[in-house]
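Inside the fold
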Amino acid sequence: MTTDVTISDRAARRIGEILKGEGTGAMLRISVEGGGCSGFQYKFDIDRDRTDDDLVIEQDNAVVLVDSASQPFLAGSQVDFVDDLIGASFRVNNPNATASCGCGTSFSI
C-alpha cells in the first residue's frame, strides 16, 4: 500500500483559492482525530506552522500538511473537492476506511 496522500486537480484549485484569501504563509492542514459517528473524523484547518515530520504536499497554489500521527490513517488517500446538489465539500477517498458515515466526514478502520 502506498503511503502517499494525493490531491485532485479540483481540490488543489479550491485549496489555492482558500489559501489566497488567508494571506502569506497559509497552508491547509488535514488531520485525523478520534470521534465522529464512525470512530475517526477528518479535520481541515488553516495553519502557518510546518513541523519537521509533516508530510507536505504542494500542487499548483495549494500547500497541504499532514501530521505524522495522521499519516498512517490517510495512507493512499486522495483528497477531492466536490460541488453537487448536496453542497460543496472536500472528500477524502480513503482506501483504509472500512466504513464511513453518511456525511462522509467520519470513518472507521
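Each remark here, short or long, concerns the structure printed above.
For the structure given in this document, a descriptive report is provided here. Note that the structure is predicted; figures quoted are calculated from it, not measured. (Residues numbered from 1 in each chain as written. Predicted model: local features only at pLDDT ≥ 70, side-chain atom pairs only at ≥ 80, totals over all residues. Heavy atoms only, no water.)

1. A word on the nonpolar core
Grouped together as the largest cluster of nonpolar side chains are 20 residues, with contacts concentrated most on I7, A11, I15, V64, L74 and V79. Of all the secondary-structure elements, those providing two or more residues to this core are α1 (9-20), β2 (27-34), β5 (62-66), β6 (78-84) and β7 (87-93). Top element by residues in this core is α1. It accounts for four residues. When near neighbours in sequence (up to four residues on either side) are disregarded, A11 contacts V79, D80, F81 and F90. (Core = buried A, V, L, I, M, F, W, Y, C linked by side-chain atoms within 4.5 Å. Buried < 20%, exposed > 50% of the residue type's maximum accessible area, 1.4 Å probe, protein only. Helix = DSSP H or I, 4+ residues; strand = E, 2+ residues; numbered from the N terminus. Contact = heavy atoms within 4.5 Å.)

2. Considering the packing of aromatic side chains
Evaluation of the coordinates by the stated rule reveals three aromatic pairs. The interplanar angle of 45° and the centroid separation of 4.8 Å between the aromatic rings of F40 and F73 together place this pair among those described as tilted. In this pair, F40 is assigned in strand β3 (residues 40-47) and F73 in helix α2 (residues 71-74), connecting sequence segments 33 residues apart. A residue is classified by how much of its surface remains accessible, and F40, at 25% relative accessible area, is partly exposed. For F73, a relative accessible area of 26% translates into the label partly exposed. Where F44 meets F90, the ring centres are 5.7 Å apart and the plane angle is 25°; that geometry is what we call stacked. A residue pair is termed long-range when its members are at least 10 positions apart, and F44 in strand β3 and F90 in strand β7 qualify at 46 residues. According to the relative accessible area criterion, F90 is buried, its value standing at 19%. These aromatic residues form a ring-pair network of at least three members: F44, F81 and F90. (Phe/Tyr/Trp six-rings, centres within 6.5 Å; stacked < 30°, edge-to-face > 60°.)

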